[in-house]
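Report on the structure
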Amino acid sequence: MSVTVIVSRSAYDCLESNGQLFECLADRELVYVFSVRASNLPPKGSYKELHLIELRDAEEQLTQLLKSVQCRYDIEQVVYVSEQEVIPVAYAQQALGLSNLTVKKAQNFRDKPRMNGLAEQAGIEVNPIYQGSSLEELSTFIERYGKVVLKPTAEAGSVGVHMLTEAALAFEMYDPETMLIQAYNPNDLYHLDALVRDNQLVFSSLGQYSVPCADYATEKWKASLISNQATALHATATAALMRYLSAADVQNGVFHFEFFSDGDNLTLCEIAIRPGGGGIAQAIDNVHGINLFDEHIRWQLGLPAACKNKTNQTYYTATMSYFNKESGRFTKLDLASLSEQVNSIKYMSKIGQSVQTARNGSDELFYLLLNNQPSYHQLLQTVDEIIDNAEVNINH
């Protein structure tokens, strides 16, 4: 019997549209490998096997697991869903002779030094990188730029990211083998979400974060304002993405490209070969009817894109994530009259559950998906009204 293996850190509902499994998976025999941290899992009876493992740094464990599955089934393809499992899946595919995305190409979207090098090759500006080896050199670097960002070279999302101004602390935390120090960029942080097939841009949407991802710990709300409006910055970002893909020798995929911009020029944050998280893909689906998770699965299975044509209508929407700053019992979310502006709410923790203080950018308590707004100005106003008036209670 032939099976398709789905590997995911994300929740099972990322594989659904309107409560149903994606059509491209519906007629397949499936084996699931989910993270132990996935917030929901596939229903019983919908799979041949379900495995729960730690997906972080799981290259060897996943490979051995799939070799055991291969003793029972003929594995047609191994598909990844989100960022954390990109490298483990690439290693497993290569070991099983099923390589779809090679390890080398996968690392172009996970390894930060490699990513920076390819960006420079593609003519994309990169934030200055600390390349010294002494506390004195680091002190000089911080004096020059005022603040630095310390981040792992290969972690997903904002895990392990710190913004620092003290050279002694930064030097103590810094491991040149596994970490990178770059100058802090004070410009706004944007994201381009795009579908590319055969080197052609099929769809793209531009979003702007209300706060930089690394600053999530200082704010309860983090919104992403999303539109397909044809602006100069949107065009600049899509051109930069296509140059990067050419340098990385990648012709197909769904991409989440984060960059800093003063409104005209852009500087790389990072580029991922997967749909945007935090409700971004779902917000795009709500207004465009284009499900980037579905498209992400389809290209890995060698299927044609479901989205054929670029939409001509301009949309304005947002996803709004809430990060609790205290531990306790989540007892209430009240949007009052603003609820009519909300398309849906995705709870990571249900009302009534005990919750811990958010530790990183994937620890949101819930996120809201807004309805399409008539203009960007109205979108900004709606987001501000929700931030100012929504009532969230966490009791000690």
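Calculation criteria
Residues numbered from 1 in each chain as written. Predicted model: local features only at pLDDT ≥ 70, side-chain atom pairs only at ≥ 80, totals over all residues. Heavy atoms only, no water. Helix = DSSP H or I, 4+ residues; strand = E, 2+ residues; numbered from the N terminus. Buried < 20%, exposed > 50% of the residue type's maximum accessible area, 1.4 Å probe, protein only. Contact = heavy atoms within 4.5 Å. Areas by Shrake-Rupley, 256 points an atom, 1.4 Å probe, with all protein chains shown as cover. Lys, Arg positive; Asp, Glu negative; His and termini not counted. Charge placed at Lys NZ, Arg CZ, Asp CG, Glu CD. 1 Å grid on protein atoms, 1.4 Å probe; cavity = no way out; pocket = protein on both sides within 12 Å on 5 of 7 lines; lining within 4 Å. Points joined across faces, edges and corners; volume = space filled by probe spheres on them. Nonpolar A, V, L, I, M, F, W, Y, C, P; charged D, E, K, R; others polar. Salt bridge = Lys/Arg side-chain N within 4 Å of Asp/Glu carboxyl O. Pairing = 2+ DSSP bridges. Axes fitted to C-alpha atoms, helices over the stretch in contact; angles between N-to-C directions. Phe/Tyr/Trp six-rings, centres within 6.5 Å; stacked < 30°, edge-to-face > 60°.

Summing up its helical and strand segments, the protein has 11 helices and 21 strands in all. The C-alpha extent of the protein, read off along each of the three principal axes, is 60 × 55 × 50 Å. Taken over 396 residues, the protein has a buried fraction of 52%. Relative to all contacts within the protein whose residues are 6 or more apart in sequence, the contacts with residues 24 or more apart total 67%. Just so you have it, the protein exposes about 17,500 Å², and 44% of that area is on carbon and sulfur atoms. Here the protein contributes 30 positive and 47 negative side-chain charges, whose respective centroids are spaced 5 Å apart.

Another aspect to go through is the layout of surface pockets. One number sums up the size of the second largest pocket: a volume of about 430 Å³. Along its surface, the second largest pocket is lined by 19 residues, and Asp13, Glu16, Gln282, Asn286 and Leu369 are the ones closest to its centre. Split by residue class, the lining of the second largest pocket holds 7 nonpolar, 8 polar and 4 charged.

Okay, the environment of Glu166 next. Here Glu166 shows up in the loop between β9 (162-164) and α7 (167-173). In the structure, Glu166 is positioned 229 residues away from Asn395 in sequence and 35 Å away in space, judged by C-alpha atoms.

Attention now goes to the pattern of salt bridges. Here the structure, examined in full by the defined rule, presents 10 salt bridges. Here Arg72 and Glu49 are joined by a salt bridge, their closest N and O atoms 2.7 Å apart. Of the two residues, Arg72 sits in the loop between α2 (59-70) and β6 (74-80) while Glu49 sits in strand β5 (residues 49-53), which places them 23 residues apart along the sequence. Look at Glu49 and you get buried, because its relative accessible area is 13%. With a shortest N-O distance of 3.4 Å, Lys332 and Glu391 are connected by a salt bridge. You can see Lys332 sitting in strand β17 (residues 328-334) and its partner Glu391 sitting in strand β21 (residues 391-395), a full 59 residues away along the chain. One continuous salt-bridge network, built from bridges that share partners, spans Glu83, Arg110 and Arg274.

A complete count under the given rule lists 1 cavity of 30 Å³ or more for this structure. The space that makes up the largest cavity amounts to roughly 30 Å³. Taken together, Tyr80, Val86, Val89, Ala90, Gln93, Asn100, Leu101 and Gln300 make up the lining of the largest cavity. Per-element tally for the lining of the largest cavity: the top contributor is helix α3 (residues 86-96), with 4 residues. Residue composition of the lining of the largest cavity, by class: 5 nonpolar, 3 polar and no charged.

Turning to the sheet that holds strand β11 (residues 188-197), a few remarks are in order. As summarised here, the arrangement of the 9 strands in space is β7-β15-β14-β11-β12-β13-β16-β20-β18, forming an open sheet in which the pairing is mixed. Each edge of the open sheet carries a strand with a single partner, namely β7 (125-126) and β18 (342-347). This element, helix α5 (residues 112-121), spans β7 and β15 (266-272) of the sheet and lies at about 130 degrees to β15.

On to the sheet that holds strand β1 (residues 2-8). Taken together, the 4 strands give an open sheet; going across it, the order is β5-β4-β1-β6, and neighbouring strands pair in parallel fashion. The open sheet is flanked by β5 and β6, the only strands paired with a single partner. On average, each strand axis in the sheet is inclined to that of its neighbour by 20 degrees, with strand direction left out of account. The strands touched by α2 within the sheet are β1, β4 (30-35), β5 and β6, with β5 carrying the most contacts at an inclination of about 165 degrees. With respect to the sheet, α3 is in contact with β1 and β6, its orientation differing from that of β6 by roughly 160 degrees.

This part is about the packing of aromatic side chains. Centre-to-centre distance and the angle between the planes together describe a pair of aromatic rings. For the structure on display, the rule yields 17 aromatic pairs. Geometrically, the ring pair formed by Tyr322 and Phe366 is stacked, given 5.3 Å between the ring centres and 0 degrees between the ring planes. Placement of the pair is Tyr322 in strand β16 (residues 316-322) and Phe366 in strand β20 (residues 366-370), with a sequence separation of 44 residues. Taken individually, Tyr322 and Phe366 each receive the classification buried, so the pair is uniform in this respect. Measuring from ring centre to ring centre gives 6.1 Å for Tyr347 and Phe366, while their planes differ by 55 degrees; the resulting arrangement is tilted. Here Tyr347 is found in strand β18, whereas its partner Phe366 is found in strand β20, with 19 residues between them in sequence. Each member of the aromatic cluster is reached from another via a ring pair, and the members are Trp221, Tyr322, Phe330, Tyr347 and Phe366.

Spatial relationships are all this shows, so hold off on functional conclusions.
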